[in-house]
Amino acid sequence: MLPASETARLSLRRRTIADFEACLAMDRDPEVVKYIPGPWDDATKHEAFLRERIQADFGDGLGYWSIYSRDAERRFLGWILLIPYDGTGPKVEIGWRLNRSAWGRGYGTEAALPFVSYAFEDIGLPEIVADIDIRNVASHRIAEKIGMQHVGDIVHDSIPMKSYALTRYDWR
Ligand SMILES: CC(C)(COP(=O)(O)OP(=O)(O)OC[C@H]1O[C@@H](n2cnc3c(N)ncnc32)[C@H](O)[C@@H]1OP(=O)(O)O)[C@@H](O)C(=O)NCCC(=O)NCCS
């Protein structure tokens, strides 16, 4: 399906440096990064982090995909990631981030779903995982709606999180 694909309302494409400013603006909304550890308060570190993440090679079939609306405006709405867990792996994590103006319309779930079949069928991963701040209810719901199971609890950067996982076996 990838590097480019479409859902009913969304266009999904490999994230490139052309999305740099849009991603930066999205992360600068404190509500967007409220439950996500990162260098958001330091402009220089934030820009370096984002540039590195856009340019990194995460391995075969992995990376970030930008989400755009398919309407006439073709707006940047956010991204989906499928990258080595914590940057190192060997597990692969799935993640999602949208501009606040795009929340609450089912876009997050709609964008994430094709990546589940992509992860298992196209690149043959055995499992996908996600750690989510216990307060991030919308994100928990996306994980559940795409079939992930709550498999444990961890503390990451002093933040209590729920760990989710979905294996290819259970997905079938
Ligand atoms: C998490 C995020 C991607 C959700 O995107 P979204 O497009 O609003 O999600 P959806 O519309 O697909 O909704 C998914 C589910 O969550 C529910 N939901 C959405 N916002 C919610 C909220 N604030 N509180 C409770 N439930 C919420 C929806 O009702 C839906 O469940 P339902 O189908 O049972 O009704 C979005 O809020 C976001 O980008 N947040 C900031 C970044 C972030 O936290 N990313 C995840 C890090 S782990």
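Residues numbered from 1 in each chain as written. Predicted model: local features only at pLDDT ≥ 70, side-chain atom pairs only at ≥ 80, totals over all residues.

Chemist: Let's hear about helix 3 (residues 107-122): which residues, and what values?
Modeler: The terminal C-alpha atoms of helix 3 lie 22 Å apart, and with 16 residues this matches the ideal 22 Å at 1.5 Å per residue to within 8%. Of the residues making up helix 3, those classed as buried are Tyr107, Gly108, Ala111, Ala112, Pro114, Phe115, Tyr118 and Ala119. Projected down its long axis, helix 3 shows its buried positions confined to an angular sector of 160°, all on one face. (Helix = DSSP H or I, 4+ residues; strand = E, 2+ residues; numbered from the N terminus. Expected span 1.5 Å × (residues − 1). Buried ≥ 20, exposed ≤ 12 C-beta atoms within 10 Å, placed from the backbone. Arc of directions from axis to C-beta.)

Chemist: How would you sum up the site of the ligand? Please name residues and give values.
Modeler: Inspection of the region around the ligand gives 22 residues, with Trp103, Gly108, Thr109, Ala138 and Arg141 positioned closest. Counting residues per element, the shell around the ligand draws most heavily on helix 4 (residues 137-145), at five residues. The class makeup of the residues in the shell around the ligand is 11 nonpolar, eight polar and three charged. (Near = placed C-beta within 6 Å. Nonpolar A, V, L, I, M, F, W, Y, C, P; charged D, E, K, R; others polar.)

Chemist: Give a detailed account of unusual backbone geometry, specifying residues and quantitative values.
Modeler: Comment: phi is negative for the bulk of residues other than glycine, and the bulk of peptide bonds are trans. Gly89 connects to Pro90 through a cis peptide bond whose omega is 5°. Relative to the helices and strands, Pro90 is located in the loop between strand 4 (76-84) and strand 5 (92-98). At Asp86, a position not held by glycine, the phi torsion is positive, near 60°. Mapped onto the fold, Asp86 is located in the loop between strand 4 and strand 5.

Chemist: A description of the nonpolar core should follow, citing residues and the corresponding values.
Modeler: Formed by 30 residues in total, the largest nonpolar core has its most connected members in Ile67, Ile80, Ala111, Ala112, Phe115, Ala119 and Ala143. For this core, the elements supplying multiple residues, two or more each, are strand 3 (63-69), strand 4, strand 5, helix 3, strand 6 (127-133), helix 4 and strand 8 (159-167). It is helix 3 that contributes the most residues to this core, six residues altogether. For Ile67, the contacting residues outside a window of four places in its chain are Leu10, Leu12, Leu77, Gly78, Trp79, Ile80, Tyr107 and Ala111. (Core = buried A, V, L, I, M, F, W, Y, C linked by C-beta atoms within 7 Å. Contact = placed C-beta atoms within 7 Å.)

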